[in-house]
Amino acid sequence: MTWLRHYRMILAAARLRNGHESVANVAESLGYENSNNFSTAFKAFHGLSPLRYRKMVAGREKPA
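Residues numbered from 1 in each chain as written. Predicted model: local features only at pLDDT ≥ 70, side-chain atom pairs only at ≥ 80, totals over all residues. Heavy atoms only, no water.

Together, Met 1, Trp 3, Leu 4 and Tyr 7 give the surface a local cluster of nonpolar side chains, amounting to about 510 Å² of exposed area. On the secondary structure map, Tyr 7 appears in helix H1 (residues 2–18). Residue classification places Tyr 7 among the partly exposed residues on the basis of a relative accessible area of 40%. (Patch = residues over 30% accessible without salt bridge, like charges linked within 9 Å, V, L, I, M, F, W, Y side chains within 5 Å. Areas by Shrake-Rupley, 256 points an atom, 1.4 Å probe, with all protein chains shown as cover. Salt bridge = Lys/Arg side-chain N within 4 Å of Asp/Glu carboxyl O. Helix = DSSP H or I, 4+ residues; strand = E, 2+ residues; numbered from the N terminus. Buried < 20%, exposed > 50% of the residue type's maximum accessible area, 1.4 Å probe, protein only.)

Given below as structure tokens:
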């Protein structure tokens, strides 16, 4: 299960970097029924919320 969670978070980060789909769509496509659960898991893994991560990699926000 740890491997699957790790893999999902890597895919999520790539999709948030490269696409314009909503966080809810990314969450659903990766098997999360609830986008809040996805956001919590993403933040625990990457240290940032999905939206903040997207803004940071787009250069619109500086790391804290």
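Once the structure has been displayed, the description carries forward.
Our next topic: the packing of aromatic side chains. All told, the structure shown has 4 aromatic pairs when counted by the stated rule. For the ring pair Trp 3 and Tyr 7, a centre distance of 5.3 Å and an interplane angle of 5 degrees mean the geometry is stacked. Residue Trp 3 and its partner Tyr 7 are both found in helix H1; the two are separated by 4 residues, about one turn of the helix. Residue Trp 3 is classed as exposed on the basis of its relative accessible area, which comes to 62%. Each ring, one from Tyr 32 and one from Phe 38, has its centre 5.4 Å from the other, and the planes form 65 degrees; the classification is edge-to-face. (Phe/Tyr/Trp six-rings, centres within 6.5 Å; stacked < 30°, edge-to-face > 60°.)

Relative orientation and spacing of two packed helices are given, respectively, by the angle between their axes and the distance between those axes. Where H1 contacts helix H3 (residues 35–46), the two axes come as close as 10 Å, and the packing angle between them is 95 degrees. By the angle between their directions, the pair H1 and H3 is classed as roughly perpendicular. Note on element contacts: H3 touches H1 through Phe 38, Ala 41, Phe 42, Phe 45 and His 46, opposite His 6, Met 9, Ile 10, Ala 12, Ala 13 and Leu 16. Across the contact of H1 with H3, the residue classes tally to 9 nonpolar, 2 polar and no charged. (Axes fitted to C-alpha atoms, helices over the stretch in contact; angles between N-to-C directions. Parallel < 35°, antiparallel > 145°, perpendicular 65-115°, else oblique. Contact = heavy atoms within 4.5 Å. Nonpolar A, V, L, I, M, F, W, Y, C, P; charged D, E, K, R; others polar.)

The next point concerns the environment of Arg 17. If you trace the backbone, Arg 17 turns up in helix H1. Taking the C-alpha atoms as reference points, Arg 17 and Ser 39, 22 residues apart in sequence, are found 15 Å from one another. Other than its neighbours up to four places away in sequence, Arg 17 contacts Tyr 53 and Val 57. In terms of polar contacts, Arg 17 uses its side chain to reach the side chain of Tyr 53, at 2.6 Å. (Polar contact = N/O pair within 3.5 Å; in protein donor to acceptor, adjacent residues only side chain to side chain.)

As a further point, take the packing of H1 against helix H4 (residues 50–57). Orientation of H1 relative to H4, taken along the N-to-C sense of each, is 50 degrees, at an axis distance of 9 Å. As judged from the angle between their axes, H1 and H4 are oblique. Handedness of the H1/H4 crossing: right-handed. Here H1 contributes Ala 13, Arg 15, Leu 16 and Arg 17 to the contact with H4, which in turn contributes Pro 50, Tyr 53, Arg 54 and Val 57. Tallied by class, the residues present in the contact of H1 with H4 amount to 5 nonpolar, no polar and 3 charged. (Left-handed = near helix turned anticlockwise from the far one by under 90°.)

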